[in-house]
Amino acid sequence: MSLRIHCLLAFLLVAAVGCGPAAQSAAEPPAPAGPPAAASAPALPSGAVPAGEDPRIHEIVAAASPERIERDIRRLEEFGTRHTFSDTLSATRGIGAARRWIHAELEGVSRDCGGCLEVGYVSDILPGGTHPRIPDDVNIVNVVAIQRGSASPERFLIIQGHLDSRATDVMDAEIDAPGANDNASGTAAVMEAARVLSRYEFDATIVYAALSGEEQGLFGGEILAEHALAEGWDVQAVLNNDIIGNTRGITGLADNTTMRVFAPGIRPDADEAELRRYLYSGGELDTPSRQLGRYVVRTAERYLPTLEAQLIYRLDRFGRGSDHTPFFLRGFPAVRLTETHEDYTRQHQDVRVEDGIEYGDVADAVDFEYTARMTALNLAALASLAWAPSTPREVTVAGAVQPHTTLRWERGADRDLAGYRIYWREPTSATWDHSRWVGDVNEYVLENVVIDNHFFGVAAVSRGGHESLVVFPRPGR
Ligand SMILES: [Zn+2]
């Protein structure tokens, strides 16, 4: 798929005509509780190991509200269809009304935090005929809110979900396409993330993005990923939420205790030097996206004991895709978060009853409590990364024909940097099973750990104990 960008990407920091603040009703769930956090963690006594747990993240996890998420999903369903080619002028039906409502909600969140969010649109016009699912010119419009970091604003973390929907015929822009689970659920997660996290101040910048054009060919993701490149964003994580609210699968199995993280491997445009490096020194299981996947798994273990995250070494479900793909293809760490048990009678289907089976992606089939926990996992991972130092750079490993393994890296300049933690594991293990806090150094010799029999990584740690993604080292001297 090729995307020809034929006009300037525009980030419009103005509200669209006719999108005033959302009406506040008496039934509206309360705003997230909890005071804004202090900017930096207290100083650590010399030689101490930073704690691995932050009470503020327990607060953040508890703040994700099933009631607000249900309200958002039902409100998005009320637009009838959010098909990319649906009505953009109506105030009540179609993708235009839906994106203006999301924009207004995020503006409301920003007002509540003293203007902490920059709310706007990142859009581009796709010319008709450039893709089988783009027959006519269409403006693909993403709603984006940016919460700038206080210490390292150049470092970007993105939470996203697509707001567009479809029915059985992917080209039918008129028929109802409620898209409650696919993907009002992911869109609601993005909006709830903005509500909860905007109460805190973070080191890194967080981007909340409701994307469009996904069902036609991942176009909103393409546009935002290109925007990130053009703006020079140092994107250190993309959490893509797509289909996160169903707990009763097509097989009849009901399970609200697990979820999946799809984490891709080698990029298809890897050059020969990169492929040779995988061959001779490993790393094909340790792409940045897989480090992000492991981070989500570890975050769930620490902060969400009732949600088991399953790491899957794939780009996505078999033969299917979502908006993390354009980011992954551009070299950004990107994963897809999704439910474990899908119900295909609820996806991409006209709403109908046939042979006694209810088809259609309606809100009544969504498990809002589960969606809230999926959202909470996003929040915990984002907060932890946003309070962590930047991902270590220039990480190398050496130790061939020696009993010891030596890791080196460039010391970061982060305000809250406490030091580094080295990780290692047996090559067949999917998770970082061994680790050691090594302090504020830029080199460490791991004695009597043989390089041939293990994989290694390095993470930066803040004084508050927040860790960056682990970096898999290149071969060094
Ligand atoms: Zn989807």
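Residues numbered from 1 in each chain as written. Predicted model: local features only at pLDDT ≥ 70, side-chain atom pairs only at ≥ 80, totals over all residues. Heavy atoms only, no water.

A.B. asks: Can you walk me through the overall build of the protein in this structure?
C.D. replies: The number of helices and strands found in the protein is 10 helices and 18 strands. Taking 2.2 N^0.38 as the reference for a compact globule, 477 residues should give roughly 23 Å; the C-alpha atoms of the protein span a radius of gyration of 22 Å, in line with that estimate. Principal axes of the C-alpha set define a box for the protein whose edges measure 70 × 45 × 45 Å. Per-residue burial over the protein gives 58% buried out of 477 residues. Excluding contacts between residues fewer than 6 apart, the proportion of contacts in the protein whose partners are at least 24 apart in sequence is 77%. On the protein, roughly 19100 Å² of surface is accessible, and the fraction owed to carbon and sulfur atoms is 52%. Between the mean site of the 44 positive side-chain charges and the mean site of the 67 negative ones, the protein shows a separation of 4 Å. (Helix = DSSP H or I, 4+ residues; strand = E, 2+ residues; numbered from the N terminus. Rg over C-alpha atoms; globule rule 2.2 N^0.38 Å. Buried < 20%, exposed > 50% of the residue type's maximum accessible area, 1.4 Å probe, protein only. Contact = heavy atoms within 4.5 Å. Areas by Shrake-Rupley, 256 points an atom, 1.4 Å probe, with all protein chains shown as cover. Lys, Arg positive; Asp, Glu negative; His and termini not counted. Charge placed at Lys NZ, Arg CZ, Asp CG, Glu CD.)

A.B. asks: Sorry if this is basic, but what is going on with the sheet that holds strand S14 (residues 417–425) here?
C.D. replies: Two orientations exist for strands paired in a sheet by backbone hydrogen bonds: parallel and antiparallel. If you walk across this open sheet you meet the three strands as S15-S14-S17, and the pairing is antiparallel. One side of each edge strand has no neighbouring strand; the edge strands of this open sheet are strand S15 (434–439) and strand S17 (455–462). Each strand axis lies, on average, 25 degrees off the axis of its neighbour in the sheet, ignoring direction. The pairing of S14 with S17 spans eight bridges and is antiparallel. Across the sheet, the residue bridging to Gly419 is Val461, located in S17. (Pairing = 2+ DSSP bridges. Axes fitted to C-alpha atoms, helices over the stretch in contact; angles between N-to-C directions.)

A.B. asks: Help me understand the coordination of the zinc ion in this model?
C.D. replies: Each donor-metal-donor angle in an ideal tetrahedron of four donors is 109.5 degrees, and each such angle in an ideal octahedron of six donors is either 90 or 180 degrees. Bound to the zinc ion are the protein donor atoms His162 (NE2), Asp182 (OD), Asp242 (OD) and Asp242 (OD), situated 2.0 to 2.6 Å from the metal. Seen from the zinc ion, its four donor atoms lie at angles of 53 to 146 degrees, and the figure they make is irregular. For the zinc ion, the single-chain donor residues occur in sequence as H-x19-D-x59-D. With His162 in strand S4 (residues 152–162) and Asp182 in helix H4 (residues 180–197), this residue pair connects regions lying 20 residues apart in the sequence. (Donors = N, O, S within 2.8 Å, 3.2 Å for Na, K, Ca; no water. Tetrahedral: all angles 85-135°; square planar, octahedral: opposite > 155°, others 65-115°.)

A.B. asks: Just to check I follow, could you spell out the state of the cysteines for this structure?
C.D. replies: Should the sulfur atoms of two cysteines be covalently bonded, the bond is a disulfide. Summed over all chains, the structure comprises one disulfide. Across the disulfide from Cys113 sits Cys116; the S-S distance is 2.0 Å. Since a negative S-S torsion denotes a left-handed disulfide, the Cys113-Cys116 link at about -90 degrees is left-handed. Cys116 sits in the partly exposed class, given a relative accessible area of 23%. (Disulfide = S-S within 2.5 Å.)

A.B. asks: Help me understand the side chain of Thr406, please; the structure alone is not making it clear to me.
C.D. replies: The topology assignment puts Thr406 in strand S13 (residues 405–410). In this structure Thr406 comes out as buried when scored by relative accessible area, which is 10%. Discounting chain neighbours no more than four positions away, the residues touching Thr406 are Thr396, Val397, Ala398, Glu443, Tyr444 and Val445.

A.B. asks: Please explain the packing of aromatic side chains as it appears in this structure.
C.D. replies: What characterises a pair of aromatic rings is the spacing of the ring centres plus the angle enclosed by the ring planes. Inspection of the entire model under this criterion finds nine aromatic pairs. Judged by centre distance (6.3 Å) and plane angle (50 degrees), the ring pair of Phe79 and Trp101 falls under tilted. Pair noted here: Phe79 is in the loop between helix H2 (66–77) and helix H3 (95–112) and Trp101 is in helix H3, with a separation of 22 residues, a long-range link. An identical accessibility class is assigned to Phe79 and Trp101; each is buried. Relative to Phe202, the ring of Tyr200 has its centre 6.3 Å away and its plane inclined at 40 degrees; by these criteria the two rings are tilted. You can call Tyr200 buried: its relative accessible area is 5%. (Phe/Tyr/Trp six-rings, centres within 6.5 Å; stacked < 30°, edge-to-face > 60°.)

A.B. asks: Mind showing me how you'd approach the packing of H4 against helix H10 (residues 368–387) here?
C.D. replies: In a packed pair of helices, the relevant descriptors are the angle between the two axes and the axis-to-axis distance. At a minimum axis separation of 9 Å, H4 and H10 run at an interaxial angle of 50 degrees. Overall, the two elements H4 and H10 adopt an arrangement that is oblique. Handedness of the H4/H10 crossing: right-handed. For the pair H4 and H10, the contacting residues are Ser185, Ala189, Glu192, Ala193, Val196 and Leu197 in the first and Thr371, Thr375, Leu379, Leu382 and Ala383 in the second. (Parallel < 35°, antiparallel > 145°, perpendicular 65-115°, else oblique. Left-handed = near helix turned anticlockwise from the far one by under 90°.)

A.B. asks: Help me understand the sheet that holds strand S12 (residues 393–398), please; the structure alone is not making it clear to me.
C.D. replies: Across the sheet, four strands lie side by side as S16-S13-S12-S18; this open sheet has mixed pairing. Each edge of the sheet is formed by a strand with only one pairing partner; in this case those strands are strand S16 (443–446) and strand S18 (474–475). Inspection of the sheet shows S12 paired to S13 by four bridges, in the antiparallel sense. Each bridged residue has a counterpart across the sheet, and for Ala398 the counterpart in S13 is Thr406.

A.B. asks: Can you walk me through the side chain of Thr205 in this structure?
C.D. replies: Turning to its location among the elements, Thr205 is positioned in strand S5 (residues 204–211). At 3.0 Å, the side chain of Thr205 and the backbone nitrogen of Gly149 are in polar contact. (Polar contact = N/O pair within 3.5 Å; in protein donor to acceptor, adjacent residues only side chain to side chain.)

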